[in-house]
Amino acid sequence: MSKTSTITPTFRKISKNRMINSVVRVLGIDPGLASLGWGVVLRDGARIFYGAHGCIHTKPDLDMGARLAHIRDELQEIIMIQRPDEIAMEDLFFAQNVTSGLAVAEARGIIRLVAHDAGLIMHEYKPVTVKQAVTGSGRAGKEEVQAFVKMVLGLSVPPKPDHAADALAVGICHCQSGVLQ
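Each helix and strand in the chain was counted, giving five helices and seven strands. In the chain, the succession of α and β elements from N to C terminus is β-β-β-β-β-α-β-α-β-α-α-α.

Given below as structure tokens:
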């Protein structure tokens, strides 16, 4: 996993004697079977900060059950370490290969189950919505998404690999959606 940044959380007063942390941690997910991207972004008021990112890779020579179990185990560990408040995932997009789309759908089922078991609500966004939220254009390419994620999160280099950058973009999209709890 990638090194996480540190930010000083701010607190807001909700009653005379009670303060709550106003930082919301969002785990963004770009679902996949061979490579599942994940990224954590933190929102503090109107500001969005980088948390961490990475990919879960599965080996194509393993049977489907083993690959899905690996995704489950790794995602559970990420949730345990990163402690997200919310999860956002990119919707399934069938381009041309229905077979790979079905495999990704199975991975999405595991992601939903892990989120449910962790007591987290899943939010989903269409790929065009994510690109629009991050770059201003629903037709942006991978390089544009990476460049804008780098800029929004104040990173020194664009996040790699592509799937992790896409996951960070999903997290940013969710932070800007207005549905944070």
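The discussion continues.
As a further point, take the pattern of salt bridges. The final tally for this structure, using the stated rule, is six salt bridges. Notably, a salt bridge pairs aspartate 44 with arginine 47, separated by 3.2 Å at the nearest N-O pair. Judged by its relative accessible area of 6%, aspartate 44 is buried. With a relative accessible area of 46%, arginine 47 lands in the partly exposed category. Residue glutamate 124 pairs with arginine 112 through a salt bridge whose shortest N-O separation is 2.2 Å. One end of the pair, glutamate 124, is in strand β7 (residues 122–125); the other, arginine 112, is in helix α2 (residues 98–117), and 12 residues separate them in sequence. Relative accessible area serves as the criterion here: at 28%, glutamate 124 is assigned to the partly exposed category. Taken together, the salt bridges that share partners define one network made up of Arg108, Arg112 and Glu124.

On to the pairing of strand β4 (residues 35–44), then. Within a regular strand, the side chains alternate between the two sheet faces. Of all the 10 residues making up β4, nine are buried; the element is thus mostly covered by neighbouring parts of the structure. In this sheet, β4 lies alongside strand β3 (residues 23–30) in antiparallel orientation, the contact comprising eight bridges. Directly across from glycine 28, in β4, lies its bridge partner glycine 39. Taken together, β3 and the strand that follows it, β4, pair antiparallel across an intervening segment of four residues. As paired strands, β4 and strand β5 (residues 47–57) are joined by 10 bridges and run antiparallel to one another. Each residue of the ladder has a partner; that of arginine 43, found in β5, is isoleucine 48. Count of turn residues in the β4/β5 antiparallel hairpin: two residues, of which glycine 45 carries a positive phi of about 65°.

Okay, the sheet that holds strand β6 (residues 86–90) next. The mixed open sheet is built from five strands, whose spatial order is β5-β4-β3-β6-β7. The sheet terminates laterally at β5 and β7, the two strands that pair on one side only. Neighbouring strand axes in the sheet, compared pairwise and without regard to direction, differ in orientation by 25° on average. Bridge count between β6 and β7: four bridges; the pairing is parallel. For methionine 89, the partnering residue across the bridge sits in β7 and is glutamate 124. Seen against the sheet, helix α1 (residues 64–82) touches β3, β4, β5 and β6 and runs at an angle of roughly 155° to β5. Its contacts with the sheet place helix α5 (residues 162–177) against β3, β4, β5, β6 and β7, and it is angled at close to 35° to β4.

Rules used throughout
- Here the residue numbers are simple positions, counted from 1 along each chain's written sequence.
- Selection of residues for local features in this predicted model requires a pLDDT of at least 70, selection of side-chain atom pairs for listing and counting requires 80 or more, and totals for whole chains, interfaces and linings are taken over all residues.
- Derived side-chain values reflect all non-hydrogen atoms in the structure, with water molecules and hydrogen atoms excluded from consideration.
- Only DSSP runs of H or I reaching four residues or more are called helices, and only runs of E reaching two or more are called strands; each is numbered from the N terminus.
- Here a salt bridge means any side-chain nitrogen of Lys or Arg lying within 4 Å of a carboxyl oxygen belonging to Asp or Glu.
- Between buried and exposed lies partly exposed: a residue is buried under 20% and exposed over 50% of the maximum accessible area for its type, with that area taken using a 1.4 Å probe on protein chains only.
- A strand pair is defined by DSSP finding two or more bridges across the two strands.
- To define axes, lines are fitted to C-alpha atoms, for helices over the stretch in contact only, and angles between the resulting N-to-C directions are given on a 0 to 180 degree scale.
- Contacts: residue pairs with any heavy atoms within 4.5 Å of one another.

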